[in-house]
Amino acid sequence: MFALIFDTHELDKPFKKVLSVHKTRQTAERVLEIRMARLGKKVWECDTRIVWLNAIAQRGDTVTTKDFSTWRPGEKIPYGELHPDCD
């Protein structure tokens, strides 16, 4: 399942709070857009990211890096995520 997690990218804080869980990436993206609008921030400013959970979790749980990955196994990764924009 996909989840929105609160991630400040601080290495000394390995536990990430699960904000919501979703069956599809599209649903998670819609919820992220709503969160950004409510906070009045851009995606990189709201410390929230979409991940694939490798373990069962629910809203309010905490997960560590071993419990999630950026992409679901077998999911097609967009070209822009694999290749930098600059030369």
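Residues numbered from 1 in each chain as written. Predicted model: local features only at pLDDT ≥ 70, side-chain atom pairs only at ≥ 80, totals over all residues. Heavy atoms only, no water.

Novice: For the pairing of strand S1 (residues 2-6), give the residues involved together with the corresponding values.
Specialist: Among the 5 residues in S1, 4 count as buried, and that is most of the element. Across 5 bridges, the pairing between S1 and strand S2 (residues 16-22) is antiparallel. Counted as the bridge partner of Ala3 is Val21 from S2. (Buried < 20%, exposed > 50% of the residue type's maximum accessible area, 1.4 Å probe, protein only. Helix = DSSP H or I, 4+ residues; strand = E, 2+ residues; numbered from the N terminus. Pairing = 2+ DSSP bridges.)

Novice: Tell me about the sheet that holds S1, and please be specific about residues and values.
Specialist: Strands sit in the order S4-S2-S1-S3-S5 across an open sheet of 5 strands; the sheet is antiparallel. The sheet is open, and its two edges are formed by strand S4 (62-63) and strand S5 (68-69), each paired on a single side. Sheet analysis places strand S3 (residues 48-53) next to S5, joined by 2 bridges and oriented antiparallel. Among the inter-strand pairings, Trp52 is bridged to a residue of S5, identified as Ser69.

Novice: Explain helix H1 (residues 25-39) to me, using residue names and the numbers behind them.
Specialist: Taking 1.5 Å of rise per residue, 15 residues should cover 21 Å, and H1 covers 21 Å from first to last C-alpha, within 8% of that figure. Those residues of H1 that sit buried are Arg25, Ala28, Leu32, Arg35 and Met36. Angular distribution of buried residues about the axis of H1 spans 100°; they occupy a single face of the element. The outward face of H1, more than 90 degrees from its buried face, is lined by the exposed residues Arg30, Glu33, Ile34, Ala37 and Arg38. Following H1 by one or two positions, Gly40 adopts a phi angle in the positive range, close to 70°. (Expected span 1.5 Å × (residues − 1). Arc of directions from axis to C-beta.)

Novice: Provide a residue-level description of the pairing of S3, including the pertinent values.
Specialist: Most of S3 is tucked away, with 5 of its 6 residues classed as buried. Here S1 runs beside S3; their pairing, made up of 5 bridges, is antiparallel. Directly across from Ala3, in S3, lies its bridge partner Val51.

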